Amino acid sequence: MNNDFLVSIYIYFKLIIMDLTGILMLSFFWGRLVWFFLSLTFAISLSYPSGYNIGASLIFISTVSILFFKNNQERLSFQDKKIIFVFLAYAIYAFFSVYLDGWHIRELDRPSRFLLVIPVLILLIKVQGNVKWLWYGVIIGAISACALAIYEKIFLGVSRASGSENAIMFGNTAMLMGMMCFASCFYFLKRQNSLWLVLSLLGGVAGIIASILSGTRGGWVALPLICFFILWNSRDLIGKKNIIVVALVALGLLVAAISIPETGVQNRISSAVSNVSHYVSGENKNTSVGLRFEMWKAAIEMFKDSPFFGVGEYASHDFKKELVEQGLIIPEAVKFSHAHNEYFNALGLMGIFGFISLMALYLIPLKLFLHKMEMYKNNWNIRSYAMAGALIPMCYMDFALTQSMFSHNIGVIMYAFPIVYCWAAVRWAEREELAKVFET
């Protein structure tokens, strides 16, 4: 009887061990698959129609696994909760704004992405994978976007490369991935991985070229400041002499981009100057820049009329018609659903509370990433991911000057998901460094 009991206990524990081993192996492979989905969000974001949706959708569907792979040791930190809170607050206020505007359900789609990305953050913090896949995805995404832009510009003869997106959204997204590629350079430089260092440099340049070929002027406005931020924060790693060399090379490339007519940069800059001149003189307000000025003027009038909650997107159409009748804006500005400026758009359509929620959406993640950069000044295994994360709100605050990025599906997804991706990468990189300390 005792022997039978001992055999039963032995079999019971053996089954438990086999079950745990199976779960661990499944978790191991599942984690890598999840982080592959993460990289896919970047890799085919622009080179495949709505490619950004594929990776984001797959990783969101994967969040159901949180119910099966419970890891009580990895709890959400206070900083994790800050990101969740700011996304949640923005989404809730956006829903409230839709309600005030007549509850058009289709308008819930874009802000809902800020809710859907919350379980993605929880999943990525709990499921370990190959964090470097983030870099691979960004590099492939930038290079493939550039290849597509060159193909459209040279072989198809289009005036502005755009892929399957609006030219502005294409150019801005490519620029974002290009800047993130430059952050990855320091990761591979520190690890002395020459192949991926070269590819990351190529990816950075490719992102800029794709933006140039798209003719998206808004993405160029703060480019010098963003590049200065990257170089200044990496000066201890690459050395001051090398920074000067890089700056001179960058200046040379800038001069070449402006000088070569085929790039379209010279024409786009001349066009902008001409548009401003015609607007100021009153000769012609119906130009690309002139229409933006008219839309911004309309947004300010909306804010004056409803400073707390804004007039709402659907109500703004009739409001702008009234402004036309009063002679305050030109009729051609009425057809646009947003102000082509995220700040004015928030003020006009969502009021001061909408503007505050927008700035929180930019500044809180930015502050968190900058804090991590400060914490790990000499540890580029962590700092590079934090820098990439900081570049996302920085780039978006630049893009926001001439485009309402969150009025487009790609604009929402390529902000919310990359913020979460980079934050999860920082958290896992921290754990890896902590594990090394315990090993020694």
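In what follows, the accompanying structure is described. Computed from a predicted model, the values in this text were never measured in an experiment. (Residues numbered from 1 in each chain as written. Predicted model: local features only at pLDDT ≥ 70, side-chain atom pairs only at ≥ 80, totals over all residues. Heavy atoms only, no water.)

Let us look at the pattern of salt bridges. Using the criterion set out here, one finds nine salt bridges in the structure. In this structure, the salt-bridge partner of Glu313 is Arg110, at a minimum N-O distance of 3.9 Å. Within this pair, whereas Glu313 is found in helix H13 (residues 313–325), its partner Arg110 is found in helix H4 (residues 109–126), the two being separated by 203 residues in sequence. By relative accessible area, Glu313 is classed as partly exposed at 28%. One salt-bridge network, in which partners are shared between bridges, spans Arg106, Glu107, Arg110 and Glu313. (Salt bridge = Lys/Arg side-chain N within 4 Å of Asp/Glu carboxyl O. Helix = DSSP H or I, 4+ residues; strand = E, 2+ residues; numbered from the N terminus. Buried < 20%, exposed > 50% of the residue type's maximum accessible area, 1.4 Å probe, protein only.)

Here the largest pocket defines a volume of roughly 1200 Å³. What lines the largest pocket is a set of 35 residues, among which Phe182, Ile208, Cys227, Ala250 and Leu253 lie closest to the centre. Among the elements of the structure, helix H6 (167–190), helix H7 (194–214), helix H8 (223–232), helix H10 (240–259) and helix H11 (265–281) are those that each provide at least two residues to the lining of the largest pocket. When residues of the lining of the largest pocket are assigned to their parent elements, the largest contribution, eleven residues, is made by H10. Of the residues in the lining of the largest pocket, the class split is 32 nonpolar, two polar and one charged. (1 Å grid on protein atoms, 1.4 Å probe; cavity = no way out; pocket = protein on both sides within 12 Å on 5 of 7 lines; lining within 4 Å. Points joined across faces, edges and corners; volume = space filled by probe spheres on them. Nonpolar A, V, L, I, M, F, W, Y, C, P; charged D, E, K, R; others polar.)

So, about empty space enclosed by the protein. Scanning the entire structure with this criterion turns up two cavities of 30 Å³ or more. Lining the largest cavity are 25 residues, and of these Tyr90, Ala94, Arg110, Glu313 and Met350 sit closest to its centre. Sort the elements by how many residues they give to the lining of the largest cavity and helix H14 (residues 342–375) lands first, with seven residues. Its residues assigned to classes, the lining of the largest cavity shows twelve nonpolar, eight polar and five charged. The calculated volume of the second largest cavity comes to roughly 80 Å³. The set of elements that each furnish at least two residues to the lining of the second largest cavity consists of helix H12 (288–305), H13 and H14. Sort the elements by how many residues they give to the lining of the second largest cavity and H14 lands first, with four residues. Of the residues assigned to the lining of the second largest cavity, the class counts are seven nonpolar, five polar and one charged.

This part takes up H11. Taking 1.5 Å as the rise per residue, H11 with 17 residues should run 24 Å; its terminal C-alpha atoms sit 25 Å apart, in good agreement. Within H11 the residues assigned to the buried category are Val265, Arg268, Ala272, Asn275 and Tyr279. Burial along H11 is one-sided: seen end-on, the buried residues are contained in an arc of 85°. When the buried face of H11 is taken as reference, the exposed residues oriented beyond 90 degrees from it are Asn267, Val273 and Ser281. Elements in contact with the buried residues of H11: H7, H10 and H12. Of the residues one or two after H11, Gly282 is the one with positive phi, at around 80°. (Expected span 1.5 Å × (residues − 1). Arc of directions from axis to C-beta. Contact = heavy atoms within 4.5 Å.)

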